[in-house]
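Structural overview for review
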Amino acid sequence: MFTAFTVFISVDLLLSLAVPGLPELMTQLGLAILLSAFALLLITGLFVLIKMIIASFFSYFSASQRLQRRLLFIQAQQDRLKLLFYFRTLQINYFNELERKRLLRASNHQHIHSLSKAIDKDLQMIKQQLSKLAYLQLQQENAQYRDQQDVEALLKLQQKIGAIV
């Protein structure tokens, strides 16, 4: 390219000296040299590119790179399994907690009903000692507390009935 620019500068000098025919010939020569320089630059670039592609190809399929990819694959698989284990643990804990709460509600419900039945039985035993209004009042309280699922109120009612006996 520098040679082509030198030829073009000499053409300018020949034009200023008014040499006939030679500047046109030198211009053609400068264009040919410039075109050759660009072609050489393009061919060199393609050669370097092809050389880099081939080197990358061989590097990709080399034993060390295969080993590295295998190692990365195994690490990714281990990370995936750790994450899966973590989320499965969360899921199991969540469902166990739901089941524990369901069993607790069922147990409380059963306990409240058995306590209510015991209160009904106690009321039947002391029915003769109570006025009809007091008996009905205690029965209504028992039904109300049972419907509200209020264990503490049922226990207090049972103690109240126990104090009457």
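Residues numbered from 1 in each chain as written. Predicted model: local features only at pLDDT ≥ 70, side-chain atom pairs only at ≥ 80, totals over all residues. Heavy atoms only, no water.

**Regarding the nonpolar core**
Of all hydrophobic cores here, the largest spans 11 residues; its members are I112, L115, I119, L123, I126, L130, Y135, L138, L154, L157 and I161. At the level of secondary structure, the elements contributing two or more residues to this core comprise α3 (63–125), α4 (132–148) and α5 (151–164). In this structure, L115 is in contact with V151, L154, L155 and Q158, ignoring residues within four places of it in sequence. (Core = buried A, V, L, I, M, F, W, Y, C linked by side-chain atoms within 4.5 Å. Buried < 20%, exposed > 50% of the residue type's maximum accessible area, 1.4 Å probe, protein only. Helix = DSSP H or I, 4+ residues; strand = E, 2+ residues; numbered from the N terminus. Contact = heavy atoms within 4.5 Å.)

**A short note on the confidence of the model for the protein chain**
Predicted confidence across the protein chain gives a mean pLDDT of 90, with 99% of residues reaching 70 or more. When pLDDT is averaged over each helix and strand of the protein chain, the minimum, 79, is found for helix α1 (residues 2–17) and the maximum, 95, for α3. (pLDDT = per-residue confidence, 0-100.)

**Re α5**
Taking 1.5 Å of rise per residue, the 14 residues of α5 would be expected to cover 20 Å, and the 20 Å separating its terminal C-alpha atoms lies within 8% of that figure. What α5 keeps buried is the set A153, L154, L157 and I161. With its buried residues spanning 100° around the axis, α5 presents them on a single face. Across from the buried face of α5, at angles greater than 90 degrees, the exposed residues are E152, K156, Q159 and A163. Each element contacted by the buried residues of α5 is listed here: α3 and α4. (Expected span 1.5 Å × (residues − 1). Arc of directions from axis to C-beta.)

**Focus on the side chain of S116**
If you trace the backbone, S116 turns up in helix α3. Apart from residues no more than four positions distant in its own chain, S116 is found in contact with N142 and R146.

**Considering a nonpolar patch on the surface**
There is a patch of nonpolar side chains on the surface, built from L42, L46, L49, I50, I53, I54, F57, F58, Y60 and F61 and spanning about 1100 Å² of accessible area. Among the structural elements, I54 can be located in helix α2 (residues 22–60). (Patch = residues over 30% accessible without salt bridge, like charges linked within 9 Å, V, L, I, M, F, W, Y side chains within 5 Å. Areas by Shrake-Rupley, 256 points an atom, 1.4 Å probe, with all protein chains shown as cover. Salt bridge = Lys/Arg side-chain N within 4 Å of Asp/Glu carboxyl O.)

**Brief notes about α1**
Spanning 16 residues, α1 covers 23 Å between terminal C-alpha atoms, matching the ideal 22 Å at 1.5 Å per step. Every buried residue belonging to α1 is among A4, V7, V11 and L14, and all of these are buried. Relative to the axis of α1, the buried residues are bounded by an arc of 75° and lie together on one face. In α1, the exposed positions angled more than 90 degrees off the buried face are occupied by F2, T6, I9, D12, L13, S16 and L17. The inward-facing, buried residues of α1 abut α2. Residue A18 follows α1 closely and has a positive phi angle near 60°.

**A look at the packing of aromatic side chains**
According to the stated counting rule, one finds five aromatic pairs in the structure shown. Taken together, a centroid distance of 4.9 Å and an interplanar angle of 90° make the contact between Y60 and F61 edge-to-face. In this structure an aromatic cluster arises from ring pairing among F57, F58, Y60 and F61. Lying over the aromatic face of Y60, R69 brings its terminal NZ or CZ to 4.0 Å of the ring centre. (Phe/Tyr/Trp six-rings, centres within 6.5 Å; stacked < 30°, edge-to-face > 60°. Lys NZ or Arg CZ within 6 Å of the ring centre and 35° of its normal.)

**Digging into the packing of α3 against α5**
Across the interface, α3 lies against α5 with an axial gap of 10 Å and an inter-helix angle of 20°. The pairing of α3 with α5 is recorded here as roughly parallel in orientation. Crossing geometry of α3 relative to α5 is assigned as left-handed. Contacts between α3 and α5 involve H111, I112, L115, A118, I119, D122 and L123 from the former and V151, L154, L155, L157, Q158 and I161 from the latter. Residues of the contact of α3 with α5, tallied by class, amount to 10 nonpolar, two polar and one charged. (Axes fitted to C-alpha atoms, helices over the stretch in contact; angles between N-to-C directions. Parallel < 35°, antiparallel > 145°, perpendicular 65-115°, else oblique. Left-handed = near helix turned anticlockwise from the far one by under 90°. Nonpolar A, V, L, I, M, F, W, Y, C, P; charged D, E, K, R; others polar.)

**Quick word on the packing of α3 against α4**
At their nearest, the axes of α3 and α4 sit 10 Å apart, and the two run at 175° to each other. By the criterion of interaxial angle, the relationship of α3 to α4 is roughly antiparallel. Contacts between α3 and α4 involve I112, H113, S116, I119, D120, L123 and Q124 on the former and, on the latter, Y135, L138, Q139, N142 and R146. A breakdown of the residues in the contact of α3 with α4 according to their chemical character gives five nonpolar, five polar and two charged.

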